[in-house]
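# Remarks on the overall topology
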Amino acid sequence: MRQISRYDQSLRVPRYTSYPTAAQFTDAVGPAEQAAWLSRSGGRATSLYAHVPFCHSLCHYCACHTVVVQRQEVLDRYAGLLLAEADLVRRKLPDQPAPIALQWGGGTPTHLGPKLFRETAQALLQRFPLGPGAEHATEIDPRRCGAELAEALGEVGITRVSLGVQDFAEEVQEIIGRLQSFEETRQAVEDLRAVGIEGINLDLVFGLPKQTLRSLQQTLEQAIALRPDRLAVFGYAHVPWMKRHQRLIPEDYLPGANLREEMALLIDETLLAAGYCKIGLDHYALPHDPLAKAAAERRLRRSFQGYSDQAAEVIIAFGASAISTLPDGLVQNLASVRDWQQAVIDGRLTATRGVALDADERLRAAVIEALMCNFEADVAAIAAREGMSPTGLAGALDELALLEDEGVLQRQGWKLRVPASERRWIRLVAAAFDRHWHPANERHAPAV
């Protein structure tokens, strides 16, 4: 194992689903900034995101903004206010082209139930009709899918579904508080395909407690048997100081740095051998999938929703804790469901924190996105595209010297490239261009 493997223990690095990351958000951004930034977002390719922060039960590993809700009246109230917020936002927008995508996330957005999800989605689409060929996607819990929910998803035009799996090993499931059989997942996939939803994603996690190379291999083989179009395989981030319920997971059950690195290599080998293409840091797709085509054509994008083939410049988000990406900066809504609801009832925009973008941050964001999507970046060319000189980023190249010496990074002037065998370290390369990141920051996930 090379010297660099020690970084998994000593360094925690952002996932770079945005830059600047949410760790840089402050309360200097609020409703006034949100209104002004929305008003200047016209004429750009736009996608929508609807956040439903509720689940039927709380998984111990989860790091999402979500709460357990069982009462239907709570879900009804939230759905109604989600639409009211959409009306508030729409009044601040200039003329917009039809959105190219709508994604539902959470939590578990389909926890609304078949009837309420159908009604809410239809009402949101009336307010923001999607353009031709737009993607309409949602996350679901396969344990609570069923034919009725699948039919509702088909009726509102869902084109892609992400099913949370994490791991099929029962011992792992018991520790993370999520019992889910392979048969339940298989049945959900069949129900979805029966109503014409062909875009099937599976979400897996490595680095979970009691997970072994053997159990991970079996999970991968079971996932491949379902032949999803895409798989996302994320490294588990154990952050009990941020998510207190993660304290239910004993830290001595977690795989160490070397084993995590072996797991990352096993995932690559297994999925590539099964015919999937590696997409960015943690996604895999069959060659016919739009994500694979976007990667091959250098059209891949990265946002808070992960990797996407949608070339949206603006992401408008609704719901508690949801994050919008606007030309002037990033905006996060109130995270507390109660506070968010009260703001909407009062007729106020719900922004509570965020970060404005200056020219330097835009350049860094463009370089980081190129690295995270393509594993290479021509820093000088990107700077020229942004109307800037690359010299302000010279310090980042100095910070990359160790990675270059170890063979993780190849550099020719301002051109950077990470070889295929070293791509699991891409976040370390990206971090060199992050003017806020420092090695002692424990808010982020391990480097691998």
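The rules we used
Residues numbered from 1 in each chain as written. Predicted model: local features only at pLDDT ≥ 70, side-chain atom pairs only at ≥ 80, totals over all residues. Heavy atoms only, no water. Helix = DSSP H or I, 4+ residues; strand = E, 2+ residues; numbered from the N terminus. Rg over C-alpha atoms; globule rule 2.2 N^0.38 Å. Buried < 20%, exposed > 50% of the residue type's maximum accessible area, 1.4 Å probe, protein only. Contact = heavy atoms within 4.5 Å. Areas by Shrake-Rupley, 256 points an atom, 1.4 Å probe, with all protein chains shown as cover. Lys, Arg positive; Asp, Glu negative; His and termini not counted. Charge placed at Lys NZ, Arg CZ, Asp CG, Glu CD. Pairing = 2+ DSSP bridges. Core = buried A, V, L, I, M, F, W, Y, C linked by side-chain atoms within 4.5 Å. Salt bridge = Lys/Arg side-chain N within 4 Å of Asp/Glu carboxyl O. Axes fitted to C-alpha atoms, helices over the stretch in contact; angles between N-to-C directions. Phe/Tyr/Trp six-rings, centres within 6.5 Å; stacked < 30°, edge-to-face > 60°.

The helix and strand inventory of the chain stands at 16 helices and 21 strands. At 21 Å, the chain has a C-alpha radius of gyration in line with the 22 Å of a compact globule built from 448 residues. With the C-alpha coordinates of the chain rotated into their principal frame, the extents come out at 60 × 50 × 40 Å. Across the 448 residues that make up the chain, the buried fraction comes to 57%. Long-range pairs, those at least 24 residues apart, make up 74% of the contacts in the chain with a sequence separation of at least 6. Carbon and sulfur atoms provide 50% of the accessible area of the chain, an area that totals close to 18,300 Å². In the chain, the 48 positive side-chain charges and the 56 negative ones have mean positions that sit 3 Å from each other.

We now examine the pairing of strand β15 (residues 323-326). As paired elements, β15 and strand β16 (residues 329-333) share four bridges and run antiparallel to each other. The residue of β16 that forms the bridge with Thr325 is Leu330. Hairpin connection between β15 and β16: a loop of two residues separates the two successive antiparallel strands.

Attention shifts here to the nonpolar core. Counting residues in each nonpolar core, the largest one holds 76 residues, and the members touching the most others are Trp104, Leu124, Leu153, Leu163, Leu192, Leu271 and Phe318. The leading source of residues in this core is helix α3 (residues 72-92), at nine residues.

All right, on to the environment of Cys59 then. Positionally, Cys59 belongs in the loop between β3 (54-55) and β4 (67-68). Beyond its immediate stretch of four places on either side in the chain, Cys59 contacts Arg143, Ile176, Gly177, Arg178 and His245.

This part is about the pattern of salt bridges. Taken as a whole and assessed by the stated rule, the structure comprises 26 salt bridges. Asp141 is the salt-bridge partner of Arg143, the closest N and O atoms lying 2.8 Å from each other. For Arg143, a relative accessible area of 18% translates into the label buried. As a salt-bridge pair, Glu190 and Arg186 come within 2.2 Å of each other at their nearest N and O atoms. Of the two residues, Glu190 and Arg186 are both situated in helix α7 (residues 182-194); the distance of four residues between them amounts to about one turn of the helix. Taking the relative accessible area as the measure of exposure, Glu190 reaches 41% and is therefore partly exposed.

So, on to the sheet that holds strand β18 (residues 376-378). Two orientations exist for strands paired in a sheet by backbone hydrogen bonds: parallel and antiparallel. Taken in spatial order, the three strands of this open sheet run β18-β20-β19, and their pairing is antiparallel. With partners counted over all chains shown, the strands left at the sheet margins are β18 and β19 (410-412), one partner each. Shown here is a sheet whose adjacent strand axes are inclined to one another by a mean of 10 degrees, direction ignored. Summarising the sheet, β18 and strand β20 (residues 415-417) pair through three bridges and their orientation is antiparallel. Bridged to Ala377 within β20 is Leu416.

A word on the environment of Ala84. Relative to the elements of secondary structure, Ala84 occurs in helix α3. Residue classification places Ala84 among the partly exposed positions, given a relative accessible area of 27%. The sequence separation of Ala84 and Ile368 amounts to 284 residues, and the corresponding C-alpha distance is 35 Å.

Moving on, we get to the packing of aromatic side chains. Applying the stated criterion across every chain yields a total of six aromatic pairs. By way of ring pairs, the aromatic residues Phe54, Tyr78 and Trp340 are connected into one cluster.

Right, let's get into the side chain of Thr350. By the element assignment, Thr350 lies in the loop between α11 (337-345) and β17 (351-356). The exposure class assigned to Thr350 is buried, which follows from its relative accessible area of 0%. Apart from residues no more than four positions distant in its own chain, Thr350 is found in contact with Gln34, Glu85, Gln332, Asn333, Leu334, Trp340, Ala343 and Val344.

This brings us to unusual backbone geometry. In this model, Tyr19 is joined to Pro20 through a cis peptide bond whose omega is -10 degrees. The topology assignment puts Pro20 in the loop between β1 (12-13) and α2 (31-39). Here the amide bond leading from Gly106 into Gly107 is cis, since omega sits at 20 degrees, within 30 degrees of zero. Following the sequence through the fold, Gly107 ends up in the loop between β5 (101-106) and α4 (114-127). If you check the backbone angles, Arg227 has positive phi at about 50 degrees while not being a glycine. If you trace the backbone, Arg227 turns up in the loop between α8 (213-225) and β9 (230-235). If you check the backbone angles, Ser321 has positive phi at about 75 degrees while not being a glycine. Within the secondary structure, Ser321 is located in the loop between β14 (314-318) and β15.

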